[in-house]
Amino acid sequence: MNSFTSEWLALREPVDHRSRNPKLMASVKAHLQHIESSRPGAVHIVDLGCGSGSNLRALAPVFNEVQEWTLVDSDPKLLNAAHAALLKWSDDSTIVKNDPHTSAHQSPEPQLVLKKHNKKIIVNFQCADLAKEAHLPIMAKSDLVTAAAFFDLTSDSWLKKFSMALSKPLYATLSYNGAETWDPQGPADQAVLQAFHFHQRTDKGFGAASGPNAANVLINLLKDRHFHVEVEDSPWDMNELDRPLMEQLASGIADAVKETGLLPIETIEHWLRSKKTASQCTVGHTDFFAYP
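Note that the coordinates shown come from a computational prediction; the quantities given were computed from them, not determined experimentally.

A. The arrangement of the packing of helix H9 (residues 243-260) against helix H10 (residues 265-275) in detail. Here H9 crosses H10 at 170°, and the two axes come no closer than 9 Å. Judged by the angle between their axes, H9 and H10 are roughly antiparallel. Contacts between H9 and H10 involve Ala250, Ser251, Ile253, Ala254, Val257 and Lys258 on the former and, on the latter, Ile265, Ile268, Glu269, Trp271, Leu272 and Lys275. Among the residues making up the contact of H9 with H10, the classes are represented as eight nonpolar, one polar and three charged.

Now the structure itself:
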């Protein structure tokens, strides 16, 4: 699976959090509150490709009073970073030691019981290679499956397997949809964007990635299975206050385009210099909530 540094994930987290579509988040909140009204106890949420736990930090303050999350990632270092970040983020915490007699799928990190804004949040950690497992047993026991900025890394064939196995509501946020504009614009913008999209479709560990088409692919697959799907835009709208993220984004795009060999190096370097002083940047993302 494609790897990300905890530093990059921390840099994008504030923009990720403010970019989630509020209308869609309200629909998911209403769904979980309905579950709470009909059944006592915690709502169970599984977060795929959790990284350093940003999705939980964005959503847990909005969701029910008692929640149990299972954070899933293939990278033990990111699970470790999530564990540390959640301890720092919480108002109060208890660490529950792992049972040494549990299965081989035992998390490398112990369970957490957190308090945040008067919410009780139980957090489990599971290290799993999602490239090999398009559907985890824990998902069938959940009330909601979530993922942020994850599905665009996966392939059409993986998405088909995932959609065929999914039986629970899915809340997917921040899937890159290919829209991107910089201010000021430049003569190489379109060529760089096309080359970047080519790179986005290369293998990220799941086979040839769906990249900017992933959200639409998965939405259509779920509609074919008679899921109801609500879809909204969730763009990154960045300005001077987000300069560190814009600079890192531009550098990452330039590096990716260089790997394709589709454009002259001097064209890419000129584009990068211009974008590092850009005043604004908008990157398109899609959020959707799908339920049987």
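B. Summary view of unusual backbone geometry. Across the junction of Asp183 and Pro184, the peptide omega takes the value 5°, indicating a cis bond. Here Pro184 shows up in the loop between strand E7 (170-183) and helix H7 (189-200). Residues other than glycine seldom take positive phi values, yet His117 does so here, at roughly 50°. As for its placement among the helices and strands, His117 is situated in the loop between strand E4 (111-116) and strand E5 (119-127).

C. Region of interest: the side chain of Lys204. Positionally, Lys204 belongs in the loop between H7 and helix H8 (214-224). Here Lys204 is buried and forms no salt bridge, its nearest opposite-charge partner Glu259 lying at an N-O distance of 7.0 Å. In terms of polar contacts, Lys204 uses its side chain to reach the backbone carbonyl oxygen of His199, at 2.5 Å. A distance of 2.8 Å separates the side chain of Lys204 from the side chain of Thr202, its partner in a polar contact.

D. Up close: the environment of Val113. With respect to the element layout, Val113 can be found in strand E4. Along the chain, Val113 and Asn239 lie 126 residues apart, while their C-alpha atoms are 37 Å from each other. In this structure, Val113 is in contact with Asp92, Ser93, Thr94, Val96, Lys120, Ile121 and Ile122, ignoring residues within four places of it in sequence.

E. Up close: the side chain of Asp75. Of note, Asp75 is situated in the loop between strand E2 (66-73) and helix H4 (76-89). Among buried Asp, Glu, Lys and Arg side chains, Asp75 stands out as unpaired, with Lys77 the closest opposite charge at 6.3 Å. Polar side-chain contacts of Asp75 include one of 2.9 Å to the backbone nitrogen of Lys77.

F. Fine view of the pattern of salt bridges. Taken as a whole and assessed by the stated rule, the structure comprises 10 salt bridges. Arg39 is the salt-bridge partner of Asp143, the closest N and O atoms lying 3.0 Å from each other. Of this pair, Asp143 sits in the loop between helix H5 (137-140) and strand E6 (144-148) while Arg39 sits in the loop between helix H2 (22-38) and strand E1 (43-48), placing them 104 residues apart in sequence. Given the relative accessible area of 11%, Asp143 is considered buried. For Arg39, a relative accessible area of 30% gives the class partly exposed.

G. Summary view of the packing of aromatic side chains. Counted under the stated rule, the structure contains 10 aromatic pairs. Both rings, one in Trp158 and one in Phe206, keep their centres 5.5 Å apart while their planes meet at 80°; by these two values the pair is edge-to-face. On the criterion of sequence distance, the pair formed by Trp158 in helix H6 (residues 156-165) and Phe206 in the loop between H7 and H8 is long-range, its members being 48 residues apart. On the accessibility criterion, Trp158 (4% relative accessible area) is buried. Aromatic ring contacts, followed pair by pair, group Phe150, Phe151, Trp158, Phe162 and Phe206 into a single cluster.

What counts, and where the lines are drawn
Residues numbered from 1 in each chain as written. Predicted model: local features only at pLDDT ≥ 70, side-chain atom pairs only at ≥ 80, totals over all residues. Heavy atoms only, no water. Axes fitted to C-alpha atoms, helices over the stretch in contact; angles between N-to-C directions. Helix = DSSP H or I, 4+ residues; strand = E, 2+ residues; numbered from the N terminus. Parallel < 35°, antiparallel > 145°, perpendicular 65-115°, else oblique. Contact = heavy atoms within 4.5 Å. Nonpolar A, V, L, I, M, F, W, Y, C, P; charged D, E, K, R; others polar. Buried < 20%, exposed > 50% of the residue type's maximum accessible area, 1.4 Å probe, protein only. Lys, Arg positive; Asp, Glu negative; His and termini not counted. Salt bridge = Lys/Arg side-chain N within 4 Å of Asp/Glu carboxyl O. Polar contact = N/O pair within 3.5 Å; in protein donor to acceptor, adjacent residues only side chain to side chain. Phe/Tyr/Trp six-rings, centres within 6.5 Å; stacked < 30°, edge-to-face > 60°.

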